[in-house]
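Listed below, chain by chain, are the residues.
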Amino acid sequence: MEARVTCFNATSSSLTPGTCAQCRHRKVKCDKRPGNCGNCERLGLDCSFASKSIPLSVPRRLRGVRACATCRESKIKCSGTTPRCSNCKRRGRACVYPTPKRPALSLLSASSLEEDEEDGTVAISEGMLTLVDIFFEKIYPMPSFAFLHPASTKRRCRDGAQHKVLVLAICAMTSLYMAQNLEDAPVWIQESEQYIWQHIESPTIPRLQALLLIIHYRMETSRFQRAFMLIAIAARSAAAMRLNHERQDLDPVAKEVRRRIVWSLKIIERYFSVGLPEFELCPFESIYLQLPSSEEDFSDVDQPGDHGSYSLHVRLENVRRDIMKFTRAVALCEQPYPLLPKLIRDFQQSLTEVGSTMLDGTELSPHQIAELLGNPWLPRRVLAIVSWHQSHCDLYRILLNGYPEAAPSVVLHAIDLGDITTAERYCLKHSLSIIDILTNLNQQSTDCPLLEFDVAICAYHAARLLLFISRFGTIEDRPSPEFATSRVDLCLIALKRFYGTSVLVRPIIEEMQRSVRSFSQRGHTPSPLSYATASKSTSDSEEQLSAAAKTRQRLAIHSLLRQAEFSDVEDNDEQTIIPGRGNLEDSATSISAGAGEGHRPSAHSESPITQDQESLPSEYNGEDNSDNGANQNAQFNNDPALSPDLSDQEESLQYPFSLWLGQYDNNWLYSPFS
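It should be emphasised that the depicted structure is a prediction, and the values quoted were computed from it without experimental measurement.

Scanning all chains against the criterion turns up 13 aromatic pairs. Between the aromatic rings of F228 and F279, the centroid separation amounts to 6.2 Å while the plane-to-plane angle is 70°, which identifies the pairing as edge-to-face. Here F228, found in helix α11 (residues 224-240), pairs with F279, found in the loop between α12 (252-269) and α13 (295-299); they are 51 residues apart in sequence, far enough to count as distant. Given the relative accessible area of 16%, F228 is considered buried. Ring geometry for F326 versus F347: centroids 5.8 Å apart, planes at 45°, classification tilted. Of the two residues, F326 is situated in helix α14 (residues 309-330) and F347 in helix α15 (residues 340-356); the sequence distance between them amounts to 21 residues. For the residue pair F326 and F347, the accessibility class agrees, reading buried in each case. Every member of this aromatic cluster is reached through a ring pair, and the members are F135, F136, Y140, F145, Y177 and W377.

Structure representation (structure tokens):
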């Protein structure tokens, strides 16, 4: 008995344990090497064999969620690398990993965020305070982010009195724009959004501000479907809190914050769709607020002010929305509309009034741009002027015969030729102004300022107009195709520099490149094209819509609602095709008058495009990439196979102006000239 006990004691005291603590916890085979096992040495872990003084706590776990959200949804193998997996990097898309069940170990560690469970406030680290300062220096000058009060927000962050959900959203947004802490940004935004969902029934100002930042983040990471749903929650929260009404019992800063939340919400909303009331969550007619005040009055800063450019942009947003609604309504006209020139003059008067209040003027010369380079409010002041020019382009392109957003031929034939010539000159003038502003800013700026997404949208439409007028314009002094191509190339260079990594602007850049390439290769045919009646990228569900609905719901290539690609078909549904109603895609043709060329597939066609079969640029084919959307030459009178049924005609005739609810009512629209 004594011998056996002695043998057991000797064995337990002299032999090394079979597996180290790290390998045992990770459930991997240990090579049992004394001092430091091979696995721990390779992975840089503290091996329990190295020293008896190492505490026997739970070892660090290395493995987590390996698959990113995109690979998980696609059910493909993910490399698990950060900041982007190999699949997302190869396809050039945003890569977002799900929130780990355990807290992150960098800036989001327990030492960085100390939360007060009662009120949700946090004390944050110096690293996160730096991100907050960068946000207000670089991102806040863009109008869609101007809903936070800089001084009070930064002070509350330093004092640890700011709400956790807002701090996380600010830091995530800054990390995304500045390409810092990209591993932490998805964790922060996911935790912030989760908090919103947990308290969805009790919205507050900080939570709503955080939600707007979350929407921005989802937009910038290609989560358009999620952003579209979240913005509906934001609009509903603002309405529930009655933010669309003034509160006279609050201090000036609190009242201005409430106003700016609503106005920024309107700016974000228009990126999904403009001019379609079924997608308008917070219409201007329901907003009873003053326009945003100047930055000098709001922020009380010593730096040069924004000259009221935020307020000007909001006013122009209203005018542009009314123009889009009006354009969509005119697209459904099937008879001459003599009131059209008068309505255009009324819109022009409104734009003239806005232009008279612009302290910077309506043009930005190279000298003025050089003076703005050191101004922190450059994004706002540039956007206000660019938006003013784009409003004129939106208004007058309705009279450009053959342009996708032009009025139907039956309407244009009744318009005086002098009005059409004037409209073409206005479109040329203002489109060149937009391109010149962006080009001069690119040439003179040494750094790369952040610009609002709307600037890229305006540049896109300006380029389309310039290319169209240079080829199909009727004025004698129109620019040559070579000049138009060179200006669009300079515009593309500026967009690539200012929005090089933006997933929002990527479709715009790609479409402009295709347009310039096809424009140059096809030559300069003097006769306009006959546009196709349907887009090759039309989804199956859109094919079942009435002709009138497809006319007014066709979205621009930069529309985030279009990129979201929602479907009304269930996963297990089988669509049935009604006999006698053929697919419009099969019947759509694009003919070059005088050139004798056959149909060319659009840029989004599934068929491969060879050297002899190139796609037409978006402004010269059946795909409508405009933001108001009507392909005005889609007339169904000549082809019985393409004629809409009675319900379609009734819808067009019964509600031709129901989409335009701006400055005029329907009775005035149909009244005779006074």
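That shown, we press on.
So, about the environment of I437. Within the secondary structure, I437 is located in helix α19 (residues 417-444). When its relative accessible area of 2% is taken as the criterion, I437 is described as buried. Placed 74 residues apart in sequence, I437 and E363 show a C-alpha to C-alpha distance of 8.3 Å. With sequence-adjacent residues up to four places away left out, I437 is seen in contact with L364, I369, V382, I385, V386 and H389.

A separate point is the pattern of salt bridges. Evaluated as defined, the whole model comprises 27 salt bridges. For R425, the salt bridge identified is with D477, shortest N-O distance 3.0 Å. Of this pair, R425 sits in helix α19 while D477 is found in the loop between α20 (453-472) and α21 (481-498), placing the two residues 52 residues apart along the sequence. One continuous salt-bridge network, built from bridges that share partners, spans E246, E256, R259, R260, E295, D306 and R380.

A few words on the confidence of the model for the protein chain. Overall, the prediction assigns the protein chain a mean pLDDT of 76, with 70% of residues at 70 or greater. Confidence drops under a pLDDT of 50 for residues 572-674, and excluding neighbours within four residues, the segment shows 235 contacts in the predicted structure.

Following the sequence through the fold, L467 ends up in helix α20. According to the relative accessible area criterion, L467 is buried, its value standing at 1%. In this structure, the C-alpha to C-alpha distance between L467 and P481, residues 14 residues apart in sequence, is 7.0 Å.

Between α15 and helix α17 (residues 378-396), the least distance of the axes is 11 Å, while the angle of their chain directions is 175°. Classified by the interaxial angle, the pair formed by α15 and α17 is roughly antiparallel. Of the residues in α17, those touching α15 at I344, F347, Q348, L351, V354 and G355 are W388, S391, H392, L395 and Y396. Split into classes, the residues belonging to the contact of α15 with α17 amount to seven nonpolar, four polar and no charged.

This part covers the side chain of T221. Assignment of secondary structure puts T221 in the loop between α10 (205-220) and α11. You can call T221 buried: its relative accessible area is 7%. When near neighbours in sequence (up to four residues on either side) are disregarded, T221 contacts A94, V96, L176 and V503.

A few words now on the nonpolar core. I215, L340 and L495 are the most contacted members of the largest nonpolar core, which totals 151 residues. With 15 residues, α20 is the largest single contributor of residues to this core. The contact partners of L495, leaving out residues within four places of it in the chain, are L438, A456, A459, G500, I508, I509 and M512.

Attention shifts here to α15. For α15, spanning 17 residues, the distance from its first C-alpha to its last is 25 Å, which sits close to the expected 24 Å at 1.5 Å a residue. Every buried residue of α15 is accounted for by L340, P341, L343, I344, D346, F347, Q348, S350, L351, V354 and G355.

Looking now at the environment of S409. Position of S409 relative to the elements: it lies in helix α18 (residues 409-412). The spacing of S409 and Q335 is 74 residues in sequence and 9.3 Å in space, taken between C-alpha atoms.

Attention now moves to the side chain of T153. Among the structural elements, T153 can be located in helix α7 (residues 150-159). Under the relative-accessibility criterion, T153 is labelled buried at 6%. Among the polar contacts listed, one links the side chain of T153 to the backbone oxygen of H149, at a separation of 2.7 Å. Residues contacting T153, with those up to four places away along its chain left out, are F136, L148, Q162 and I170.

Each value, and the rule that gives it
Numbering of residues begins from 1 in every chain and follows the order in which that chain's sequence is written. Thresholds applied to this predicted model are a pLDDT of at least 70 for local features of residues and 80 or more for the giving and counting of side-chain atom pairs; totals over whole chains, interfaces and linings are not thresholded and use all residues. The side-chain quantities take in all heavy atoms of the structure and omit both hydrogens and water. Any two of the Phe, Tyr and Trp rings considered here, Trp counted by its six-membered ring, make a pair once their centres fall within 6.5 Å; the pair's planes then place it as stacked at under 30 degrees, edge-to-face at over 60, or tilted in between. A run of DSSP states H or I qualifies as a helix once it reaches four residues; a run of E qualifies as a strand once it reaches two. Both are numbered from the N-terminal end. With a 1.4 Å probe rolled over the protein chains alone, any residue whose accessible area is under 20% of its type maximum counts as buried; one over 50% counts as exposed, and the rest are partly exposed. The contact criterion used is simple: two residues touch if any of their non-hydrogen atoms lie within 4.5 Å. By definition, a salt bridge exists where a carboxyl oxygen of Asp or Glu is found within 4 Å of a side-chain nitrogen of Lys or Arg. Every residue carries a pLDDT, the predictor's confidence in it, which falls somewhere between 0 and 100. Axis geometry follows a simple rule: fit a line to the C-alpha atoms, using only the stretch in contact for helices, then measure angles between N-to-C directions, giving values from 0 to 180 degrees. Any angle from 65 to 115 degrees is called roughly perpendicular, while one under 35 is roughly parallel, one over 145 is roughly antiparallel, and all others are oblique. Side-chain classes are defined by residue name, with Ala, Val, Leu, Ile, Met, Phe, Trp, Tyr, Cys and Pro counting as nonpolar, Asp, Glu, Lys and Arg as charged, and the others, Gly among them, as polar. For this analysis, a nonpolar core means a set of buried residues of the types Ala, Val, Leu, Ile, Met, Phe, Trp, Tyr and Cys, connected via side-chain atoms within 4.5 Å. Helix span, expected: 1.5 Å multiplied by one less than the number of residues in the helix. Side-chain atoms alone can form a polar contact between residues adjacent in sequence; in general such a contact is a pair of N or O atoms within 3.5 Å, and within protein one must be able to donate a hydrogen while the other accepts it.

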